[in-house]
Amino acid sequence: MSRSVHVAAVRFGLGLRLGEAPPDDALGWLESQLGPEAPLPPGHSAAEGLRARSEDLAERERNAGDLEGQGRVVPLVRAETLAWARRRLTAEQPFRERLVDFWMNHFTASRRAGLVNPVIGGFEREAIRPHVTGRFADMLVAVVRHPAMLLYLDNAGSVGPGSPFGLRSGRGLNENLAREVLELHSLSPAGGYTQGDVQELARILTGWSVALRAEPFGFQFRPQTHEPGSKQLLGQEFGPGEAGGEAALRFLGTHPATFRHLAFRLVRHFVADAPPPEAVRAVGASLRDTGGDLGAAARVLIRLPQAWEPPLGKFRAPMDYVLAACRALGLPPERAEAVLNGLGALGQPLWNAPQPNGWADTAAEWAAPEALMRRLDWAFTLAGRFGRLDPREVAEAALGPLARAETVTAASRAGSVRDAITLVFGSPEFMHR
Amino acid sequence: MSLHPKGPHATRRGLLLGLAASLALGRTRVAFAQLPGERRLVVVILRGALDGLHAVQPYGDPALAGLRAPLVLPEPGQEPGPEGALLDLGGFFGLHPALPALHAMYAANEALVLHAVAGPYRSRSHFEAQDLLEGGATERLTSGWLNRALAAVPNPAQARAGLAIGTGVPLLLRGATPIGAYAPPGLERPAADLIYRIAELQAADPLLGPVLAEGMRARGFVAQTIGAPSPQDRDRNAFPRLAAAAARLLAAADGPRVAAMELGGWDTHAGQRNRILPLLRALDDGLAALRDGLGAHWARTAVLVVTEFGRTARVNGNLGTDHGTGGLAFLLGGGVAGGRVVADWPGLTEGQLHEGRDLAPTLDLRRVAKGLMRDHLRLPEPAVALAFPGSAEAPALPGLLRG
C-alpha cells in the first residue's frame, strides 16, 4: 500500500476502518468526495426540534413544571448525536464529513446554550452540510439565518432601538452575533473593522429572529424589531429590511479579508499548526478567484505539497483521535455510544465547545499532560472490549505504513491483545494525523 | 444436556424444595455443600505470562541459582533482601514475599500451588496461548471452556450464572451461554508497566515526549525507567477493588456463581525483580479481597489463578525472562485441599529443561480445571467433556477439594 493513501486517510479522512481496503489513488479518492452532494442524511429538522421543545414546555406548564419521562427534546438530541457518531464510523465520504465538522466548528453553536440543543442536528444538515463544497457566502447566510446561531449568539432578542418595538419598549441592540460574524466567521480582526461596524451589522441584523413557540418554528424576520433606515458597514451602504441583512452577509462572505482568514483556518486545520504562508496564499487565491467556492478551495488544499510531506504534522484533537481509534477497531455503528463517551472523556464533547470560537485547532491546546494520560486510560479501557481482535490488523488499519518499527515491535511483544492495541493507540504516530 | 435426572423434581425449584427439606432435617452444611447452585468459582487470568519460577521458587533445586541468580530471593529464614525472604511452602518451594495473604491461606490449608503446569499447547505467542488457555482445546475455538461449562450450572433467580468482571468479556466466558458483565464506571488505567512502554515510544516525539513525562510525573511516576515501581501503586488498587466488587456480587443470594477476571502486565522481559512486585502485591490483595468479601461463602468457593505459559528458566540479558512453557497455577478457597504444592517436579538441569530452556510441564492444566468442574461445580461427565473437547488424555485431577 502506498504511503500517500494512508496519509490521505488520516489527514483528510477519519482513519481507515478495520479491514478496510485503502483506496488505490489518494488524490482521486479525495477528489471523488468533493463531487456532487450526497443526499442529506435523515434527521430532525430544526423546526421539528423547536416544535418538540415547545411541546415539552407546554407539558411543563400544564403539570406544574414536570415532564413525563425525558420529554421530547432529550431523546431527539440523543438520536442526533448518535446518528453523527454512526455516520462517522461508517462514512463512505470521510473527507466530506471532516469538512462538515470543520465548518461546524468554524460556525460554533454550542449545546452549552440549552436552546441550541433541539436545533443542533438541523443546523448541521440545513446550514452547514449543503454548502461544504459550495459557496462560502451561501453558508454564511444559511448559518446566520439558522435558529441555532440566532439563539446561540442572542440575535433572536436583538431589537433596533428605532424600531416600532424598540421605541415602545426601550429595548435595544444585542451585538453578540454581529461581533462574532465579523471576528470569527468572516473578516477576522485582520480585516480592520471597527466597533462602529459591529454596531452597524447588529442594526442590519435586527429583526432576524426565531419563532420559538409557533409556526414556522424557525427563522422569522420581524419588521417590528428591525431598525429602520440604511446602515454603513465598512464604508458600504446597506438598505433596510431582511434583504439588507442578506446583502451585508454576502458582502462579508466574499470579502478578501474573509478569504484570507478562511484559508488560514483551513490550512491550520488540515496541514499544520503554523500554516506555511505559501499554502495559505494558494488556498486564499483559490477562494478569491472563484468567489468563495469551498469545493475549489478543498481541491487546492489536497494538492498542497505541504499536506503530504512531512506526514503526521498535526496532533489529533480528541474527536480525531476517538474516531480513528474506534474505526481502527471496527466498532460497529450500533455501539456508536462509545464514540460519544470517548469525546466526553477526553474533553471534547460533541457540539459543546465552551465558547463561540469553537474547539482549539492546535497541539498547544490539546497536548496537555493529564490529557495525554487520560487518552491512554481511554484507549486502554476501549481496547479491553476488543480482546478478540488481531492487533496486527488493528495496527494495519490505524497506521499502515506510517507505523514506526519501534511501535510494531512493542505491540508484537505486548503481553495481551489489549496491551498491544493500547500501545498502537498510545504511539506518537497514532496521536498525529 | 441436563444436570439432573429427568423427572418431575428435576427443576431448579425442585432442588430448592429439597434444600428446604434438608434444612429442616438439620443437615444444613452438607445440604449447602452438595447443592450445585451454591458453589462459587472464580477464575483469574494473569495475562502476559507470570514467571512461575519467580513467584514460587524451588529453592531446594540445586540448579536454580545457576540459571537465574539475579532473580533468586533469600531462602526462608535467611537474611531478607529488599523484598524480604521467601515464605516457605514445605521445604523445597518458597513463595514470593509479596504474596503474604496467599501464604496465610496456604498455612490454613486453603491454598494449593500447582507447579510445572501447562496447557496442552506449546505456543510461545501470548495471543495464541491465551486463546488456547481460555478456549480449552488444542485448536482455537470461538467460545471459552467456562462458558460451555456454565451451560450445566443452574441459573440463580435474578442473575446470570456467569459474570465477567472488568472491561470486556474474556474468551473464557464467551459463547452460547448468556453471561453478565460488571465493570466499574469511568476509565480504567493501564498498568504502570504499559505506561512506561508507551513512554518509551513517545520519548522520540519532541512534542509529546516531554508532555507525557509531565503527565506521568503528576500521577506520581518517579522516572521513565522500566522497572521503576509506580509510587502510587495504582495497579495495586485497581485489581483488589475489582476483586472486592466481584466478591460482593458473588456473595449475593441471587448473584452469579461463576466469575472471571484478569490482571495483565506479567510480561517481564526486563527488570523483572522490580516489575513483578506491584503485580504480585495486586494479586495478593485481590485474592485477600475475594476471601474477605465472600465471607461465609468462602467455604464454598474455589479460585483458580492461571496464566498462558511460564517463562524461560534462565534469566535473560536484561534481568528479565522470555516466553517459556511450564508455569504455575494457584487454587484457593475454603473447600480446597490446600497447604500443598502439587508438582511432579521435572528438575532444572540442562537435560531436564524443555527444549533446554523452559521448565518442563508435567501437569496438564486442563486436568485441574476438569477436576474443579467435576468435584467443585459437580458437573456431570458429559458437561465436563463439552467444556474440554478432545481432552480424554487429560482426565480430571482428583483430590483438589476436601471432603
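Per chain, residue numbering runs from 1 following the sequence as it is written. Chain letters start at A and ligand numbers start at 1, both assigned in the order the entries are written. Only residues with pLDDT of at least 70 are given local features in this predicted model, and only at 80 or more are side-chain atom pairs given and counted; all residues enter the totals for whole chains, interfaces and linings. Only hydrogens and water are set aside; all other atoms, that is, all heavy atoms of the structure, feed into the side-chain values.

**Overview of the pattern of salt bridges**
Residues and elements named next belong to chain A. Here, a salt bridge means any Lys or Arg side-chain nitrogen found within 4 Å of an Asp or Glu carboxyl oxygen. The full count for this structure, using the stated rule, is 54 salt bridges over all chains. Note that R299 and E31 form a salt bridge whose closest N and O atoms lie 3.4 Å from each other. Linking R299 in helix 15 (residues 294-303) with E31 in helix 2 (residues 26-32), this pair joins segments that are 268 residues apart in sequence. For the exposure calls, accessible area comes from a 1.4 Å probe over protein chains only, and a residue counts as buried if that area is under 20% of its type's maximum, exposed if over 50%, partly exposed in between. On the basis of relative accessibility, which here comes to 29%, the residue R299 falls in the partly exposed class. Since its relative accessible area comes to 23%, E31 is described here as partly exposed. Numbering of helices and strands starts at the N terminus; helices are DSSP runs of H or I of at least 4 residues and strands are runs of E of at least 2.

**Points about the domain arrangement of chain A**
Residues and elements named next belong to chain A. As used throughout, domain bounds are those supplied by an automatic or database domain assignment. Domains assigned within chain A are domain 1 (46-253) and domain 2 (318-431). If you average the C-alpha positions of domain 1 and of domain 2, the two centres end up 34 Å apart. By definition, residues are in contact when any of their heavy atoms lie within 4.5 Å. Listed as interface residues are 26 residues of domain 1 and, on the opposing side, 23 residues of domain 2. Accessible area that two parts lose when put together, with a 1.4 Å probe and added across both, is what the buried area reports. For the pair domain 1 and domain 2, the summed buried surface comes to about 2,200 Å²; carbon and sulfur atoms form 64% of the total. The largest share of the area that domain 1 buries against domain 2 comes from W84, L89 and R112, three residues that together contribute 29% of it. Between R78 and E337 there is a salt bridge, with its nearest N and O atoms 2.5 Å apart.

**Re the interface of chain A and chain B**
In this complex, chain A contributes 39 residues to the contact, which on the side of chain B involves 34 residues. A buried area of about 3,100 Å², summed over both sides, lies between chain A and chain B, and 67% of it is on carbon and sulfur atoms. If you sort the residues of chain A by the area they bury against chain B, A:M373, A:D377 and A:R388 come out on top, with a joint share of 21%. Viewed at the interface, chain B and chain A are joined by six salt bridges.

**Comments concerning the packing of aromatic side chains**
Residues and elements named next belong to chain A. Here the aromatic set is Phe, Tyr and Trp, taking the six-membered ring for Trp, and pairing holds for ring centres within 6.5 Å; pairs whose planes are under 30 degrees apart are stacked, those over 60 apart are edge-to-face, and all others are tilted. Applying the stated criterion across every chain, the model contains 19 aromatic pairs over all chains. Between the aromatic rings of W359 and W366, the centroid separation amounts to 5.8 Å while the plane-to-plane angle is 40 degrees, which identifies the pairing as tilted. Owing to a relative accessible area of 13%, W366 belongs among the buried residues under this scheme. Put simply, the rings of F12, F95, F102, W103, F107, F136, F270 and W308 touch in pairs and so form one group of aromatic residues. It is R316 that lies over the ring of F430; its NZ or CZ is 4.8 Å from the centre. Against the face of F380 rests R418, its NZ or CZ located 3.7 Å from the ring centre. As a reminder, the over-ring test applies to NZ of lysine and CZ of arginine, requiring each to be within 6 Å of the ring centre and within 35 degrees of the ring normal.

**Brief notes about unusual backbone geometry**
All names here are of chain A. Following E215, the chain continues into P216 via a peptide bond in cis, with omega recorded as 10 degrees. Among the structural elements, P216 can be located in the loop between strand 1 (208-210) and strand 2 (219-221). With an omega of -10 degrees, the peptide bond running from E309 to P310 counts as cis. In this structure, P310 sits in the loop between helix 15 and helix 16 (318-328). Phi is positive for A64, which is not a glycine, with a value near 50 degrees. Mapped onto the secondary structure, A64 falls in the loop between helix 3 (46-62) and helix 4 (73-90). In the Ramachandran plot, L234 falls in the positive-phi region, its phi being about 50 degrees despite a non-glycine side chain. With respect to the helices, strands and loops of the structure, L234 is situated in the loop between strand 3 (231-233) and strand 4 (236-238). For L234, a relative accessible area of 25% translates into the label partly exposed.

**Let's talk about the sheet that holds strand 4 (residues 94-95) of chain B**
Residue and element names in this part refer to chain B. The sheet built from three strands is open, its strands ordered 2-4-3 with antiparallel pairing. If you trace the sheet from one side to the other, it starts and ends with strand 2 (56-57) and strand 3 (87-88), each paired once. Here two bridges tie strand 2 to strand 4, and the two strands are oriented antiparallel to one another. Along strand 4, the bridge assignment pairs Q57 with G94. Strand pairing follows a simple DSSP-based rule, namely that at least 2 bridges must link the two strands.

**Topic: the nonpolar core**
Here, the term nonpolar core denotes a set of buried Ala, Val, Leu, Ile, Met, Phe, Trp, Tyr and Cys residues that are joined through side-chain atoms within 4.5 Å. Core analysis: the biggest nonpolar cluster contains 154 residues, and A:W103, A:F123 and A:F425 have the highest contact counts within it. If you look at the next biggest cluster of nonpolar residues, it comprises 54 residues, including B:L102, B:I276, B:W298 and B:L332.

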